[in-house]
Amino acid sequence: MGDVAMTVPVIRAFVKQYPDVKLTIVSRPFFKPFFEGILNVDFFSVDVKKRHKGFLGLLKLYSDLKKLNIDAVADLHNVLRSKVVRTLFVVSGKKVAFTDKGRAEKKALTSLTNKVFKPLQPMVERHAITFSELGFPLDLKSPEFPLKASLSNEILSITGDKSSSIGIRWIGIAPFAQYDSKVYPLDLMQKVIDALAENKSNKILLFGGGSKEIEQLNRLQNNHYNVIVVAGKLNFQEELKLISNLNVMLSMDSGNAHIAAMLGVKVITLWGATHPFAGFSPYNQPLENCITADREKFPLIPTSVYGNKKVADYEDAMRSIEPEKIISKVNNLL
């Protein structure tokens, strides 16, 4: 999800700088709301479960896309399936470019021996280079973001009306990630939430998904009237609208961080086994908003790009991030 969200600011820059060019985004239907409302952008839904499943499905996908009279292809994913489709376009004579994900550099950054610890090029810049190779150089220095979305009565029935409460700040907190090594310990997150909830001008909205996470979020709510669990109560499109209205989002290194960033919301991220140097820090957010585990205590960080590798004695790396530091950062941004 984060990978797709990081393409959105690049697409917005493209349509602004090349208003006469039509773009077709090819992705899973779940991600269509990311691109709604962007001028000159169509969305093609890939059916990976039926029509476009497997190798024969990729041939059908190529055939379906060919009917759109595409002039050039930008492969921003650069995985096996997209490589097959782009190769078919190359054979048919179309111009193709793909995003260099810097896999060798990331391997050096995450190596447990002879680590090369230096910041790598952000993914959004890598995507911009891909378009440049197709003849469309992009300037990402002056980003534009969508207006805050209007909130439906269904959403407001859960959150309350922000506009009628002068001085109320909405703080989003998304405390989960795909891998445990990227999740801030919940007992420490409880301290963060309790402290922020003491200020009655704060309204804290907890994001997550699935029954297990919702159960944990309900415990984190801890009977605070100004802490609201929104997980499981809204559909994805409604969540996007709600996130666009936040004053700040506190997230792990996860998709929620990139969603908030693509909507122009201030984002604070917490990093455990991973590190913003890998190029996945949220778009247009200062590096100081990325709070990382203590590398003096845990010098092998980052141990992986995505947090999917376990390293002995590094299970508690995120405990080196003090709750007070997070609370202070949130209050400073508010």
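As shown above, the structure is provided for reference.
The sections below set out a description of the structure shown in this document. (Residues numbered from 1 in each chain as written. Predicted model: local features only at pLDDT ≥ 70, side-chain atom pairs only at ≥ 80, totals over all residues. Heavy atoms only, no water.)

Considering all chains together, one arrives at eight salt bridges under this definition. Across the pair Arg-319 and Asp-187 runs a salt bridge, and its minimum N-O distance is 2.8 Å. Of the two residues, Arg-319 sits in the loop between strand S10 (290–292) and helix H13 (323–333) while Asp-187 sits in helix H9 (residues 186–197), which places them 132 residues apart along the sequence. Judged by relative accessible area, which is 40%, Arg-319 ranks as partly exposed. For Asp-187, a relative accessible area of 41% corresponds to the partly exposed category. (Salt bridge = Lys/Arg side-chain N within 4 Å of Asp/Glu carboxyl O. Helix = DSSP H or I, 4+ residues; strand = E, 2+ residues; numbered from the N terminus. Buried < 20%, exposed > 50% of the residue type's maximum accessible area, 1.4 Å probe, protein only.)

Glancing now at the nonpolar core. In terms of nonpolar packing, the biggest core is built from 54 residues, with Ile-11, Phe-34, Phe-35, Phe-207 and Ile-259 touching the most fellow members. Looking at which element gives the most residues to this core, the answer is helix H2 (residues 8–17), with six residues. Setting aside residues up to four positions removed in sequence, Ile-259 forms contacts with Met-1, Ala-5, Phe-34, Phe-236, Leu-240 and Ile-243. Listed in part, the 31 residues of the second largest apolar core include Ile-171, Val-183, Leu-220 and Met-318. (Core = buried A, V, L, I, M, F, W, Y, C linked by side-chain atoms within 4.5 Å. Contact = heavy atoms within 4.5 Å.)

This next bit is on the sheet that holds S10. Overall, parallel pairing links the six strands, which are arranged S7-S6-S5-S8-S9-S10 in an open sheet. Edge positions in the sheet fall to strand S7 (227–229) and S10, since each of these pairs with one other strand and no more. Taken over all neighbouring pairs, the strand axes of this sheet differ in orientation by 20° on average, direction set aside. In terms of strand pairing, strand S9 (residues 266–271) meets S10 through three bridges, oriented parallel. Across the sheet, Thr-269 pairs through a bridge with Cys-290, a residue of S10. (Pairing = 2+ DSSP bridges. Axes fitted to C-alpha atoms, helices over the stretch in contact; angles between N-to-C directions.)

This part covers the pairing of strand S4 (residues 95–98). Put simply, side chains in a regular strand alternate between the two faces of the sheet. Note: strand S3 (residues 72–75) against S4, four bridges, orientation parallel. Considered in S4, the bridge of Ala-74 is made with Ala-97. Remark: the S3/helix H5 (residues 80–91)/S4 crossover connection has right-handed handedness. (Right-handed = clockwise from strand over helix to strand, strands pointing away.)

With respect to the secondary-structure elements, Asn-256 resides in helix H12 (residues 255–262). If sequence neighbours within four positions are ignored, Asn-256 has contacts with Ala-174, Ile-243, Met-249 and Ser-251.

Okay, unusual backbone geometry next. Glycine aside, residues mostly have negative phi, and peptide bonds are mostly found in the trans state. For the bond from Ile-301 to Pro-302, the omega torsion is 0°, close enough to zero to count as cis. Residue position: Pro-302 is located in the loop between S10 and H13. Positive phi values are uncommon outside glycine, yet Asn-69 reaches one of about 55°. Structurally, Asn-69 can be placed in the loop between helix H4 (54–66) and S3.

Further remarks concern the layout of surface pockets. The calculated volume of the second largest pocket comes to roughly 400 Å³. Surrounding the second largest pocket, 21 residues form its lining, Asp-180, Ser-181, Tyr-314, Glu-315 and Asp-316 being those nearest its centre. Residues of the lining of the second largest pocket, tallied by class, amount to 10 nonpolar, five polar and six charged. (1 Å grid on protein atoms, 1.4 Å probe; cavity = no way out; pocket = protein on both sides within 12 Å on 5 of 7 lines; lining within 4 Å. Points joined across faces, edges and corners; volume = space filled by probe spheres on them. Nonpolar A, V, L, I, M, F, W, Y, C, P; charged D, E, K, R; others polar.)

Taking 1.5 Å of rise per residue, the 13 residues of H4 would be expected to cover 18 Å, and the 18 Å separating its terminal C-alpha atoms lies within 8% of that figure. All buried positions along H4 are accounted for by Gly-57, Leu-58, Leu-61, Tyr-62, Asp-64 and Leu-65. For H4, the angular spread of the buried residues around the axis is 165°, confining them to a single face. Among the exposed residues of H4, those pointing more than 90 degrees away from its buried face are Phe-55 and Leu-56. Those residues of H4 hidden inside the fold are in contact with strand S1 (23–27), strand S2 (41–45) and H5. (Expected span 1.5 Å × (residues − 1). Arc of directions from axis to C-beta.)

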